Amino acid sequence: MVKTRFMIISDTHNATLYPANSLFGYREGLPEVDVLLHCGDMTEEGGLHEYENTLDMLGNIKAAVKLVIAGNHDITLDSMHEAGMENDMYARALAIMTGEKARNADVTYLTEGSHKFALKNGATFTIYTSPYQPAFCDWAFQYASNQDRFNPSGKTTKYHEDISRAPIPDFGHVDIVMTHGPPLGHLDRTPRGSYYGCRNLQRAIARSKPRLHCFGHIHEGYGAERTVWSGVLSDYDDDGSRTSQAPVGHSIDGLNYVDVSTGSHQPLDYGHETLLINAAIMNATNQRSTSHGSSIWTSRFWKCKNTSQCFSNHNST
């Protein structure tokens with residue numbers, strides 16, 4: 001097995017990296033990792049220059065593979081949003097995120113669905129990505145609260161309309177889930193005590209049981225937790241078959257680390273546990289926070305001679 005290190009960030013909102021000597025965990029000179037994951041909201045309002053700024057920022061982080069999704073603020077990357085329809089803005093924004101500048105920064109922009117990657121160290125992993133979250137004001141990538149985008153037909157509840165086009169796969173078919181929004185009841189609580197995660201996303205994660213689910217969107221929910229699943233999916237289950245939750249991780253110089261790899265102090269029990277990370281670097285007022293640092297996730301994956309036959313075995317963050 002190959003030990004693999006991930007860095008996870010979200011909700012950068014056009015922010016540049018602080019100087020290397022800053023107290024902020026979102027700064028220049030971040031440690032080199034195998035994979036960088038950005039969970040969306042690269043911009044404030046989808047300006048083309050904001051995407052270019054984001055690529056400049058990502059280009060300064062050392063990672064062989066950099067995977068990025070959009071968020072609700074990246075309105076010009078939503079072809080169905082009015083901002084994307086005006087003046088060819090969707091096509092222009094997409095051209096930036098998939099063009100030469102993105103390639104030079106080693107950035108791969110991902111849309112909704114499952115994707116498989118092979119790393120230079122021989123490890124492989126499958127990641128499901130989606131920028132969608134429950135409707136809020138007039139932002140991008142939204143669906144109604146009574147709609148289920150993440151569970152396939154026959155696996156949604158009778159209370160929700162199935163609108164899935166690329167639902168989250170069943171257990172054993174995906175290692176990592178990266179969405180912009182959180183699942184209900186997991187790192188989604190605001191200071192007023194409200195929970196803004198998605199009930200159907202939470203149901204899908206309980207069904208899929210990935211090793212890692214990372215997201216952002218709710219800035220105040222920043223942090224990491226391990227969740228143990230009961231394996232029971234009722235027709236209407238607020239808890240998503242959760243049996244226990246526990247905060248995890250430790251901070252070093254503003255960077256937050258979690259290691260649940262095989263051989264670590266507390267390895268992840270794949271199939272029974274999921275590590276969840278809200279990686280938003282901003283606080284509730286869209287200001288960069290010294291307590292919101294980049295999250296480092298360490299994992300172990302099987303290494304195979306024929307990478308087309310590889311599958312991931314153990315992860316950590």
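All values derive from a computational prediction rather than experimental measurement.

## Things to note about the overall build of the chain
- When its secondary structure is counted, the chain shows five helices and 18 strands.
- Classification of the 317 residues of the chain by burial places 57% in the buried group.
- Of the contacts formed within the chain by residues at least 6 apart in sequence, a portion of 71% connects residues at least 24 apart.
- Accessible surface, the chain as shown: approximately 13,400 Å² in total, 47% of it carbon and sulfur.

## A few points about the side chain of His 180
- Along the chain, His 180 turns up in the loop between β11 (176-179) and α5 (199-208).
- A residue is classified by how much of its surface remains accessible, and His 180, at 0% relative accessible area, is buried.
- Looking at His 180, its side chain comes within polar contact range of the main-chain oxygen of Cys 39, at 2.9 Å.
- Of note is the side chain of His 180, whose polar atom sits 2.9 Å from the side chain of Asn 72.

## Some thoughts on the side chain of Ser 261
- Residue position: Ser 261 is located in the loop between β16 (255-259) and β17 (273-278).
- For Ser 261, a relative accessible area of 0% translates into the label buried.
- Here the side chain of Ser 261 touches Asp 259 through a polar contact of 2.6 Å, side chain to side chain.

## As for the pairing of strand β5 (residues 113-118)
- Residues of β5 alternate between two faces, with Gly 113, His 115 and Phe 117 buried on one and Ser 114, Lys 116 and Ala 118 left unburied on the opposite face.
- Where β5 meets strand β6 (residues 124-130), six bridges bridge the pair, whose relative direction is antiparallel. Bridging from a neighbouring strand, Phe 117 pairs with Phe 125 of β6.
- In this structure, the hairpin formed by β5 and β6 is closed by a connection of five residues, where Gly 122 is found at a positive phi of approximately 95°.

## Topic: the nonpolar core
- In terms of nonpolar packing, the biggest core is built from 48 residues, with Tyr 51, Leu 77, Met 97, Val 107, Phe 150 and Ile 168 touching the most fellow members.
- Elements with a minimum of two residues in this core: β1 (2-9), β2 (33-38), α1 (48-59), β3 (63-68), α3 (89-98), β4 (107-109), α5 and β16.
- Here the element with the most residues in this core is α1; it accounts for five residues.
- Excluding its chain neighbours within four sequence positions, the residues that come into contact with Phe 150 are Glu 112, Tyr 128, Ser 130, Tyr 132, Tyr 143, Pro 167, Ile 168, Cys 198, Asn 200, Leu 201, Ala 204 and Arg 207.
- Listed in part, the 26 residues of the second largest apolar core include Leu 37, Ile 127, Ile 176 and Leu 212.

## Digging into the environment of Gly 181
- If you trace the backbone, Gly 181 turns up in the loop between β11 and α5.
- A relative accessible area of 2% places Gly 181 in the buried class.
- C-alpha of Gly 181 to C-alpha of Ile 218: the two residues are 37 residues apart in sequence and 7.3 Å apart in space.
- Leaving out residues up to four positions away in the same chain, Gly 181 has contacts with Tyr 132, Gln 133, Leu 201, His 213, Phe 215 and His 217.

Conventions and cut-offs
Residues numbered from 1 in each chain as written. Predicted model: local features only at pLDDT ≥ 70, side-chain atom pairs only at ≥ 80, totals over all residues. Heavy atoms only, no water. Helix = DSSP H or I, 4+ residues; strand = E, 2+ residues; numbered from the N terminus. Buried < 20%, exposed > 50% of the residue type's maximum accessible area, 1.4 Å probe, protein only. Contact = heavy atoms within 4.5 Å. Areas by Shrake-Rupley, 256 points an atom, 1.4 Å probe, with all protein chains shown as cover. Polar contact = N/O pair within 3.5 Å; in protein donor to acceptor, adjacent residues only side chain to side chain. Pairing = 2+ DSSP bridges. Core = buried A, V, L, I, M, F, W, Y, C linked by side-chain atoms within 4.5 Å.

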